Amino acid sequence: MSTFEAVAKYIDENQDHYVKKLAEAVAIKSVSGDASYRPEVFRMAEWMISEMNRLGISTEKRLPGKHVLDGVELDIAPIVLGTYGSDPNKKTVLVYGHMDVQPALQSDGWSNDPFTLVEDASGRLYGRGATDDKGPILGWLWVIEAHQKLGLEFPVNMKFCFEGMEESGSEGLDELIEAEADKYFKGIDCVCISDNYWLGTTKPCITYGLRGVSYFKLVVSGPGKDLHSGVFGGTVHEPMTDLAYLFSKLVAPDGKILVPHVYDDVAPLTDEEKSIYVNLDFSLKDIHDAVDSKTTIHDNAPAALMARWRYPSLSLHGIEGAFYAAGAKTVIPAKVQGKFSIRTVPDQDPEKITKYVTDYVNAEFAKLGSKNTVSVECLHAGKAWVADIKHWNYVAASKAVQKVFNVKPDMTREGGSIPVTLTFQNALQKSVLLLPMGKADDGAHSINEKLDRNNYVSGMKLFAAYLNEIASIAA
């Protein structure tokens, strides 16, 4: 029996234990975006440190400083660093993940208490953070434990970087990575992140690209106070009217971005890249099922995936300051703030995008002849990321998928953003890989978030196989 086979067998035989440990982690309400839960995020960090130390992983707790949330000054949640092994003859793999979770209340529509892990008859493990990202980060620890229990040599050295602010902008993380690039992270050979999901529900994938995001606030101000439409309607320039006009100038119903020059720097589609989309285990039905409707813009799966992965998009998110409650209030808002974002792709530059948007919005507003005032601000911006799928890191991961699942993985990109991928790649100058554990229907950030027991168990085996492949492949 090979080392991998022995580890896989041990994981199978001890899966109930690992489900119980996941339940312990899910029970900690580590919601980073709510000031009242900040102590729980710290408690989650201490729980992780305890588990890591139990396995002989040396740890360091870094405190990035303070920030203000909901008008309260708080300590930013810790970043937990870990080291396991220092053999100069072995490769060193850095694993990143996050310990914090999205808010969750049973009254939101959960079938059960979101912080109590519940398993149904089909082996679905329901609980906030089960798939995003507590199940995956714990999976790495249990691979180490399996080797220890079996008395087997671990194939590589490991470094860990687990943060507690991913769901709230990863405050302090980029600065730490850049500061520690030639210190704590020195000697890293490659990076692996498991904070995403399969393309569908039946076939595993490896992810090599993510879109960036530039998030904007568009403010139109006019009267000094809210007004009655019966008294002042038709006599003053209304901020809501101006904002609605400006919103209509940003994006067309078919998804085309109307801001000039936005498409100028989009990387061209090569024949090699186009071929990747042909045999993916994906159909329009997967999108229809995910959105509970047949409102897709495109009529074929490759075009839909390209629109989601490798072309930019602009989405309108909401209007702050406008009346939205039940009833019929006849108010003219004095000031409204529109929120929208652009998902960017290689080779777009966020600074250029901000300039294009700002110049265009101001030019369109000037055409109105309105006496209101307008301002547009980019609240935050992160670049897109794409990796070389021919790198040995990706070759090793592909072999691992085939070993565990007996199928070649889909090579995918994603429409969302995980900014830390680009930070690691730029700061460390090493290959970064996304190796998901969960399925597309796990419902991360949604009600009834879940992780299938089979994916949890198979994911641990995948991590073990990946590390073995990393150890044996020529760098």
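Calculation notes
- Residues numbered from 1 in each chain as written.
- Predicted model: local features only at pLDDT ≥ 70, side-chain atom pairs only at ≥ 80, totals over all residues.
- Heavy atoms only, no water.
- 1 Å grid on protein atoms, 1.4 Å probe; cavity = no way out; pocket = protein on both sides within 12 Å on 5 of 7 lines; lining within 4 Å.
- Points joined across faces, edges and corners; volume = space filled by probe spheres on them.
- Nonpolar A, V, L, I, M, F, W, Y, C, P; charged D, E, K, R; others polar.
- Helix = DSSP H or I, 4+ residues; strand = E, 2+ residues; numbered from the N terminus.
- Patch = residues over 30% accessible without salt bridge, like charges linked within 9 Å, V, L, I, M, F, W, Y side chains within 5 Å.
- Areas by Shrake-Rupley, 256 points an atom, 1.4 Å probe, with all protein chains shown as cover.
- Salt bridge = Lys/Arg side-chain N within 4 Å of Asp/Glu carboxyl O.
- Pairing = 2+ DSSP bridges.
- Contact = heavy atoms within 4.5 Å.
- Axes fitted to C-alpha atoms, helices over the stretch in contact; angles between N-to-C directions.
- Buried < 20%, exposed > 50% of the residue type's maximum accessible area, 1.4 Å probe, protein only.
- Expected span 1.5 Å × (residues − 1).
- Core = buried A, V, L, I, M, F, W, Y, C linked by side-chain atoms within 4.5 Å.

Caption draft 1: Structural view of empty space enclosed by the protein. Per the counting criterion, the structure on display carries one cavity of 30 Å³ or more. Its volume calculated, the largest cavity comes out at about 40 Å³. Along the lines of polarity and charge, the residues of the lining of the largest cavity split into five nonpolar, four polar and two charged.

Caption draft 2: A look at the layout of surface pockets. A volume near 490 Å³ is recorded for the second largest pocket. Forming the boundary of the second largest pocket are 24 residues, of which Tyr 208, Glu 272, Glu 273, Ile 276 and Ile 389 lie nearest the centre. Broken down by secondary-structure element, the contributors of at least two residues to the lining of the second largest pocket are helix H8 (271-276) and strand S18 (410-414). Among the elements that take part in the lining of the second largest pocket, H8 stands out by supplying four residues, more than any other. Residue classes in the lining of the second largest pocket are distributed as 12 nonpolar, three polar and nine charged.

Caption draft 3: Structural context of a nonpolar patch on the surface. Taken together, the side chains of Val 231, Phe 232 and Val 236 define a hydrophobic patch exposed on the protein surface, amounting to about 230 Å² of accessible area. Among the secondary structure elements, Val 236 is positioned in the loop between helix H6 (229-232) and helix H7 (239-248).

Caption draft 4: Broad picture of the sheet that holds strand S6 (residues 118-119). On the basis of which strands lie adjacent, the open sheet formed by three strands has the order S6-S7-S20 and antiparallel pairing. The outermost strands of the open sheet, each flanked by one partner alone, are S6 and strand S20 (450-452). Sheet topology places strand S7 (residues 124-126) next to S20; three bridges connect them, and they run antiparallel. Its bridge partner lying in S20, Tyr 126 is registered against Lys 450. Running at roughly 65 degrees to S20, helix H14 (residues 453-472) makes contact with S6, S7 and S20 of the sheet.

Caption draft 5: Structural view of the pattern of salt bridges. What the rule picks out here adds up to 31 salt bridges. When the shortest N-O distance is used, the salt bridge between Lys 9 and Glu 13 registers 2.6 Å. Of this pair, Lys 9 and Glu 13 both sit in helix H1 (residues 3-13), four residues apart, which is roughly one turn of the helix. On the basis of relative accessibility, which here comes to 54%, the residue Glu 13 falls in the exposed class. The closest approach of N and O atoms between Glu 60 and Arg 62, which form a salt bridge, is 2.7 Å. Classification of Arg 62 by relative accessible area gives partly exposed; the value is 23%. Linked by salt bridges that have partners in common, Lys 21, Glu 24, Glu 51, Arg 54 and Glu 145 make up one network.

Caption draft 6: Focus on helix H3 (residues 38-54). For H3, with 17 residues, the first-to-last C-alpha span of 25 Å sits near the 24 Å given by 1.5 Å per residue. For H3, the complete set of buried residues consists of Arg 38, Glu 40, Val 41, Met 44, Ala 45, Trp 47, Met 48, Ile 49, Glu 51 and Met 52. Note on H3: the residue one or two positions beyond its end, Gly 56, has a positive phi of about 85 degrees.

Caption draft 7: The arrangement of the nonpolar core in detail. Judged by nonpolar contacts, the single largest core of 91 residues is most densely connected at Met 48, Met 158, Phe 160, Phe 185, Phe 424, Tyr 456 and Tyr 466. The biggest single contributor to this core is H14, with 10 residues. Residue contacts for Phe 160: discarding those within four places in its chain leaves Met 52, Ile 57, Val 80, Leu 81, Gly 82, Tyr 84, Leu 94, Val 95, Trp 140, Leu 141 and Ile 144. Core analysis: the second largest hydrophobic core is formed by 23 residues, Val 220, Leu 246, Leu 314 and Tyr 360 among them.

Caption draft 8: Broad picture of the sheet that holds strand S13 (residues 313-320). The strand order across the open sheet built from four strands is S13-S15-S11-S16, with neighbouring strands paired in antiparallel fashion. With one partner strand each, in any of the chains shown, S13 and strand S16 (373-382) form the two edges of the open sheet. Neighbour-to-neighbour, the strand axes of the sheet open up by a mean angle of 20 degrees, direction not taken into account. Here 10 bridges tie strand S11 (residues 212-221) to strand S15 (residues 335-344), and the two strands are oriented antiparallel to one another. Following the sheet pairing, Ser 221 is matched in S15 by Lys 335.

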